[in-house]
Structures are given as structure tokens and as C-alpha cells.
Amino acid sequence: MEMDSLPNGNSTAGGATAAALVSAPSSKLTQLAESLKLEHQFLRTPFEHYKKSIRANHRIVEKEMSAVISGVAEAADSNFSREEAVQHLNSLVSRLQGLKRKLEEGSRTEHLQAQRCRARLDHLESADVENLSEWNNTRMKRILVDYMLRMSYYDTAMELAESSNIQDLVDIDVFLDAKKVVDALQNKEVAPALAWCADNKSRLKKSKSKFEFQLRLQEFIEYVRAENNMRAIAYARKYLAPWGATHMKELQRVMATLAFKSTTECTTYKVLFEAKQWDYLVDQFKQEFFKLHGMTVEPLLTIYLQAGLSALKTPFCYEDDCTKEDPLSQESFRKLAMPLPFSKQHHSKLVCYITKELMDTENPPLVLPNGYVYSTKALEEMAKKNNGKITCPRTGFVCNYSELVKAYIS
Amino acid sequence: MELNTIKDAFDRVAKKQKLSTSRSQELIDQVGRELEQALTKIQAVPDPTIPIDQNSIIMELRTKLNAINPQSQLETTQKELNISLSKYPRLLEKSFVPDISKAYRNVDFDFHTVNQIILNHFYRQGLFDLGDCFINESNEPEPTTLKTQFLEMYQILDAMKSRNLDPALHWVSANREKLKQNDLNLEMKLHRLQFVEILQKGNRAEALNYARTYLAPFASIHMDEIQKLMACLLWAGRLESSPYAELMAPSHWEKIAVELAWQFCNLLGQSYESPLSVAIAAGVEGLPTLLKLANVMAGKRQEWLMMKQLPVPVDLGREFQFHSVFVCPVSRDQGSEENPPMLMPCGHVLCKQSIMKLSKSSTRTFKCPYCPHEATVAVCRQLHF
């Protein structure tokens, strides 16, 4: 018989609707299917890489082909001698041969990348209830490699990937591409970053990214810092002016630095000269890069860890006698979980202190005269071994099995 | 989500890409051939009657190439390929959760703490070289105590893999007192395994000696087991034909390795499972629910960040239930120090506040919401789960 619950002051209308819309899966298979749905990055990143190669290769073919065709047109318009004509045509032929080689090479790379995409799909398909613990182990390793790469611990990432043979399941090469740009930016060089922007021009434009603008602004500031004002102005004319239409305010602010020296104490402009601006550029780049490659901005590790900690967090975890099987019994986990919300239960879930098993209708809780509760299985076993006597493991209180009372928990 | 559909879609993309490549190759070959032909004509042995006009040959070449129009052909194939290339990601976004970081909270997640956790995880899994590499790159301090402890454990386990029980026996006898409390007969089991190993090599005398030294002390508790082992002496060197052949099964070794690891961690005050693995596994189970919640609360960013408790339950498997959580069936409040669960004489349990509310004052009797029994506050007992 269910009673209507009294209105709980804590739940908001949003919470109630949320509860109605959210239902948890129960069987292991549904569980597995749900967890596979979280693997978007796993499939998307290699595909974006594949797509990029295809487009880059095609651009080469287009460019070279155009050059050859226009080479012929040019020859037709000129009045070549026989030798000149032969020479010219030969150069076009060798250009075509070079293109053919590049195309073959590009095709091989594309094939490998396609293989990788397929390998990922196969890996997801291989997840089964039987090999679940091994598959989960692999996932743990994939998540760790992703973290290592994002933190720039490349050696560790490669060693972990190689030793567990998961090279096809991680995107080390994608991160190594990013590394070049990141390293340059940390060395105060914008050239690789600008080249990256040029490479991805159309997509960055689509997402209305202002990263290139920020790179140009930084270069401008560096000219001002070196007191190279004339060059700075020329630079601004060429590279900053086009962004004026959309980012005028920012442009004006940075242009104003011309009036100040890099050692200025004026706070608005002092901050623009700080070395921290380069760190900010690195972060911006990483964000744009991850977005473009279908990756999350946060490491997978922290995403899953936060979710897990919040789902596990109860006030009891912070008590001294918290069981050590609970990750939140550890200081480091407790620290990470501090700012996270506690988990919520809608139904009682009781765990026997002795056996750590769930106390439910199959193994109902029994109450000792002192109010302490243990599972039927545990107390029956104890009584069998001790002539029907029960000793409470937490208080030392002794009684008979016959004095125990059943508790009905819904 | 049908993986097969996605696989088929990808195969289509790969096929189109191969087509595009071969088309490009064909065009290159075609243009190349025309160029070669023109070249041959120009370089042909001159016939005194017909002068070679290279310019007209080249103009002819140009016309031919314009007729083939390779650029527009390349464009068409690429356009087709582009369509497939943009269809596939859309399929992925439909079949998978496009952004799992939607439920992420931008709170202070100290990466030093995370690194420490990862380091501990590596040591637990026996990945000591990886741990060293990680320390090098991350500049985190080395947790030497934990490292030495797990090094010892893996040394014992590795020795056991090559059927060497000496380190294990050494450790067990050194920690005999503490292990006794857990009552798992680890020492006896190890000695039994060792005895069977010696016996398998056919050395009856050595086996007997071993039994006298190491099995005898356990006689009082494990008499029947020892009797069985003594009987095995009759089949020294050919245990496979004895009725006790199953004692040779490799599963014994695996099981005992697990037991020893469990005991080892237990004595160290550590859990058996890596806490990082547990937390991540919980995260994998709980994230879909949290993402749905984040979606529903999309417009209420402040509320999302400020909440002290999740408004919906995140159902995790049994293995993640480490604490008893009592939820009052009437108020749906969770049991706590201030509001503990109370047992009514009828056997039903409500939280203290609900009972106080039902009794309106402390001495009136009230009826249990679930059965006809009546009770007063005084006869309700506080429960400790």
C-alpha cells in the first residue's frame, strides 16, 4: 500500500518533472548500451581526421591539375620554339607524375585512417556482457591515455597505449599535431597557430571563431612591446583591420596600447602585456582544436570522475568508519568531491554491516534489542555458530536470536 | 543505436572515397596521355614535306584538355563525396550523445590530486614503470610507501605465476597474527599447494617431510584435508591418475592469487579494487542520468551549479552501494543524525520527523501509515543500520 508522499520542501517543480523524465536502466545489457552511447568522441575524432586528409588531398589534386591545365593554356598563347615547347610540356608531365605519387601516398594514409575508424566501430561492437570486465579495463586505459595527452604527458600516453596494445583506439597522432602549435605558442611564436587557422579556415569561419584575430592581436602587442610602432601600425592595417567590422571594441582597446609602453602601470593595458596572455592563447587553441576534432573540451577522465563521485557521494562517506571499499573513504577523492552535489535516493537501500550485502525482501533486516540492524543471513550464520547467541559487532551487546525483530523497509 | 547501420554508413563513405580517388587517378592518367601524345608529335622525326608546327599541336592539346574538363569532373566527384562526409557525422550525433561534458561542473578540480590518484592506480595495477614515467612527466611526488607495499605484493604474485610459493609463504608467516583475524586459512591453502607441487615431481620423501613440518600444525583444524593429502602420497609423481587429480587444477593457483591479493590489500587498509576504477565505473553508469538531468535543467545554469544534492536518484549497480541509506517512505527525507530512522512496534520504519508530525504532540497515539497498528512516540526505537 503506497502512501502519497507529503510535499518535500526541497524538491522544485523542475526537480519533479526531471524525475519523471529520467528513468534508470536496470539490466546489464541496457546498462552496456547506455554506456556505449557516451562514446561519441571515440568515433568522431578519427573520422574528422579522415575527412581532413581527404579534403587536403583533394585540394592538392585540384591545385596541381589547375596548374597543368593553365600551363598548357599559357603555352598555347606563347610562341614557343620546338625546344621550348618540349621542355615546357615535359615539365608539365613530370608535375603530373609528382601529383600521381602524392595521390597514391595520400590514398594510403586515407586507407589507414579508414581502417582506424572501422577498428573503433568493431571495438564498440565487441562489448559483451561476457567480456565486460576486460572491455571496461580497456575503457579505463583509453580514458587514461586521453588524460595524459591533454595534460601533455606524451611519453606516458604512448607507453600506456603500447603496453596495452590500444594504439588504434586512441588518437595520439591528433594530439601530436596540436602539440606543435602548443609548443610554438608557449615559445611565443604564432606562425604554426596561424598556419593551423589557414588550414581550417572554412570551419573556423562557420563557428564564428575569433581565434585568428586573437593571434593577430598578440603579434601586434609584441610589436608594441618592442617599441616597433611603425611596424605595428602597418601590421594592424593589414591584419587587424578586416576584423574591425565584427570586433571593433576589442580592436580599439588593443590599438590603444600604442599610446602606452609595455611597462605601463595602467591596469587596463598592463594586463594585455602580461605573459599570461600567451597561456590564454594556448587554452583558446586547445578549445578550438578539440571542438573541431569532435572531442570534449574537458578530459574524459574528469568528466566520468565527477559523475561517479557525485553519484557515490553520501554524508556517510565522510565518516571515520566509512568502508575502505568506497573510493570516498580516501582523502584525495573526498577532496575532489567537496564541491559536488550529494547523491539522492528515492528508496531505502540498506547494506548489512557484517556481510556488506543488500538487505532486501530476500535477506530482510533484523533488529537487535539495542536498535542495531543486520541482515537475516548474517545473524542466522552467527546464531548457528554460537548456540543461538547474537553479539552485536559494533557495541558488543549480547542477546538471543529469538529476541530479534523483523523490520519492514519499503 | 544500431551499430550495423553505422558500420554500413561508414562503408558507404569509404567506398565513395575510393571511387573519388580512382576517378582522380584516371583523370591524371588521361591528361598525362594527352600531354605525352602532344610531346611525341612535336618530337617526331621531321618530314621535309610537312613542317612541325608545335604551336598548333599545343593549341590542339589545349582544346582537347578543355573538352575533358578535368577540373569540373574533380569538382563533381568531390561534391558527391562531401555529401557523404557530412551525412556520417550527423548520423553519429544522432546515435550517440554528442557532448558528454554537458553535465560537467566547472568547479576547482585540482589536477595534482587527480595525478596522485592516477599514480596510486598505476601502482595497484602493478604498472611500476608506467608510474615512473608518469612521475617524470608530471613532476608529482612519489608516494614511496604505497609503491613499496604494492611492489612487494606484485613480487609475491609474480613468483606465484611461476609456481614459486616461497615469497608468499614468507609473507603469510610474517603476518600470521593479523591474518588469523580474517579466518581464511590462507596459510594452510598455500602449504597444501606447495605439498601438491612437491608430490607432483615424484619426491615422496620430501613431500612427507614437508607435511610433517608445515601441515602438522594445522592438524587440529583441518584433519580431513590433511588426511586427503596424506593419501595422495600413494600417487607421488602420478597424481593425475589418483582420485585427487583435481588438486592439480591451475584454478587453485588463480584463486589463491586472488585471495592473497585481497588479504594483502586488506592488511594495508586498502580496498581490493582500485578506487579510481570504481569511481570511473560509477561515473559510466551514472553519467547518462546526469546528462538527461543537465538537459532538462539547461536554462537553469545557476541552479545546476549551486545544488547541494542531486534532485533525481542516480541508480547504480549493487556493487556501488557502500552505505545504508534510509529514505523515509512518508517524507522521502534521507535518514541522518538529526532525523534518524525509528522502528514502530508493528515493524514499519519511519524517520523521526515523520513520526513527530503524525503524533502531533509527543504523547498521542498515531496509526502507522501502512497498517492498522497504533503506537506512541515513546515506544518507537531508533535504528542503527
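As a reminder, the structure under discussion sits directly above these lines.
The structure displayed is predicted, hence computed values, not measured ones.

## A word on the overall build of chain B
Within chain B one finds 15 helices and five strands. Against the 2.2 N^0.38 benchmark of 21 Å for 385 residues, chain B shows a C-alpha radius of gyration of 38 Å, more extended than a compact globule. Expressed as lengths along the three principal axes of its C-alpha atoms, the size of chain B is roughly 125 × 80 × 45 Å. Across the 385 residues in chain B, those meeting the buried criterion constitute 48%. Excluding contacts between residues fewer than 6 apart, the proportion of contacts in chain B whose partners are at least 24 apart in sequence is 57%. In the form shown here, chain B has an accessible surface area of approximately 19600 Å², with 53% of it arising from carbon and sulfur atoms. Counting 43 positive and 44 negative side-chain charges, chain B places the averaged centre of each group 8 Å from the other.

## Description of the pattern of salt bridges
All names here are of chain A. Here the structure, examined in full by the defined rule, presents 42 salt bridges over all chains. For Glu34, the salt bridge is made with Lys37, and the minimal N-O distance between the two is 3.7 Å. What makes Glu34 buried here is its relative accessible area of 19%. Judged by its relative accessible area of 29%, Lys37 falls in the partly exposed class.

## Quick look at the packing of aromatic side chains
Under the definition given, this model contains 23 aromatic pairs over all chains. Considering the side-chain rings of Phe47 of chain A and Phe10 of chain B, the 6.4 Å spacing of their centres and the 75° angle between planes classify their relative orientation as edge-to-face. Note that Phe47 of chain A is positioned in helix 3 (residues 40–77) and Phe10 of chain B in helix 1 (residues 3–43), a pairing that runs across two chains. Take Phe47 of chain A: its relative accessible area is 0%, and that puts it in the buried class. Between Trp196 of chain A and Phe285 of chain A, the aromatic rings sit 5.0 Å apart at their centres with planes inclined by 80°, giving edge-to-face as the arrangement. Here Trp196 of chain A, found in helix 8 (residues 191–199), pairs with Phe285 of chain A, found in helix 14 (residues 276–292); they are 89 residues apart in sequence, far enough to count as distant. In terms of burial, Trp196 of chain A and Phe285 of chain A fall into one category: buried. Members of the aromatic cluster, connected to one another through ring pairs, are Phe175, Trp196, Phe211, Phe285, Phe289 and Phe290 of chain A. Positioned above the aromatic ring of Tyr353 of chain A is the side chain of Arg394 of chain A, whose terminal nitrogen or guanidinium carbon lies 4.3 Å from the ring centre. Between Arg105 of chain B and the ring centre of Trp304 of chain B, over which it is positioned, the NZ or CZ distance is 4.1 Å.

## Considerations on the environment of Tyr153 of chain A
Note that Tyr153 of chain A resides in the loop between helix 5 (132–150) and helix 6 (154–163). Judged by its relative accessible area of 7%, Tyr153 of chain A falls in the buried class. The residues touching Tyr153 of chain A, leaving out its near neighbours within four places in the chain, are Met148 of chain A together with Phe111, Asn115, Phe134, Glu137 and Ser138 of chain B.

## With respect to the sheet that holds strand 5 (residues 405–406) of chain A
Residues and elements named next belong to chain A. If you trace the three strands from one edge of the open sheet to the other, you get 2-1-5, paired in antiparallel fashion. Each edge of the open sheet carries a strand with a single partner, namely strand 2 (373–375) and strand 5. Note that strand 1 (residues 365–367) and strand 5 share two bridges and pair antiparallel. In the strand pairing of strand 5, Leu366 is matched with Lys406. Contacts from helix 17 (residues 376–385) reach strand 1 and strand 2, with the element oriented near 85° to strand 2.

## Brief notes about the interface of chain B and chain A
Between chain B and chain A, the residue contacts involve 140 residues of the former and 145 residues of the latter. Across the chain B to chain A interface the summed buried area is about 13300 Å²; carbon plus sulfur atoms make up 66%. Where chain B touches chain A, the interface holds ten salt bridges. Across the pair Lys335 of chain A and Asp110 of chain B runs a salt bridge whose closest N-O atoms are separated by 3.3 Å. Here chain B is connected to chain A by 41 residue pairs in polar contact (both at pLDDT 80 or more). Here the side of chain B that touches chain A gets 24 residues from one element, more than from any other, and that element is helix 1 of chain B. Residues that form the side of chain B that touches chain A fall into these classes: 77 nonpolar, 38 polar and 25 charged.

## Some details on the nonpolar core
In terms of nonpolar packing, the biggest core is built from 153 residues, with Leu301 of chain A together with Ile118, Leu190 and Leu276 of chain B touching the most fellow members. Element by element, the count of residues in this core is highest for helix 13 (residues 275–296) of chain B, at eleven residues. Each residue touching Ile118 of chain B, except ones within four places of it in the same chain, is listed here: Leu144, Tyr147, Met148 and Leu301 of chain A together with Phe134 and Leu276 of chain B.

Conventions we followed
For every chain, the first residue of its written sequence is number 1, and the numbers climb from 1 along that sequence. Chains and ligands are labelled by the order in which they are written, letters from A for the one and numbers from 1 for the other. Under the rules for a predicted model, residues below a pLDDT of 70 receive no local features and side-chain atom pairs below 80 are neither given nor counted, while totals for whole chains, interfaces and linings still include all residues. Hydrogen atoms and water are omitted, and side-chain values are computed over all heavy atoms in the structure. Strands here are runs of E lasting at least two residues and helices are runs of H or I lasting at least four, both read from the DSSP assignment and numbered beginning at the N terminus. In this setup the radius of gyration rests on C-alpha atoms only. A globule is expected at 2.2 Å times the number of residues raised to 0.38. The cut-offs for exposure are 20% and 50% of the maximum accessible area for each residue type, with area from a 1.4 Å probe on protein chains only; residues under the lower value are buried, those over the upper are exposed, and the others partly exposed. What makes two residues a contact is simply this: any of their non-hydrogen atoms within 4.5 Å. What sets the accessible areas is the Shrake-Rupley method with a 1.4 Å probe; for residues, cover comes only from the shown protein chains. Charged residues are defined here as Lys and Arg on the positive side and Asp and Glu on the negative side; His and the ends of the chain fall outside this count. In plain terms, the charge of a residue is placed at NZ if it is Lys, CZ if Arg, CG if Asp and CD if Glu. Just to be clear on terms, a salt bridge is a Lys or Arg side-chain nitrogen sitting within 4 Å of an Asp or Glu carboxyl oxygen. Any Phe, Tyr or Trp ring, taking Trp's six-membered ring, that has another such ring centre within 6.5 Å forms a pair; planes under 30 degrees apart are called stacked, those over 60 apart edge-to-face, and the others tilted. Charge over a ring is defined by NZ of Lys or CZ of Arg lying within 6 Å of the ring centre and within 35 degrees of the ring normal. Note on pairing: two strands pair once DSSP finds at least 2 bridges between them. Only the stretch in contact is used when a helix axis is fitted, and all axes are lines through C-alpha atoms; the angle between N-to-C directions ranges over 0 to 180 degrees. The term buried area denotes the loss of accessible surface (1.4 Å probe radius) that occurs when two parts are joined, taken as the sum for both partners. In protein, a polar contact requires one atom able to donate a hydrogen and another able to accept it; more generally it is a pair of N or O atoms within 3.5 Å, and residues adjacent in sequence count only if both atoms are side-chain atoms. Classification convention: Asp, Glu, Lys, Arg as charged; Ala, Val, Leu, Ile, Met, Phe, Trp, Tyr, Cys, Pro as nonpolar; all other residues, Gly among them, as polar. By nonpolar core is meant a set of buried Ala, Val, Leu, Ile, Met, Phe, Trp, Tyr and Cys residues that side-chain atoms within 4.5 Å join together.

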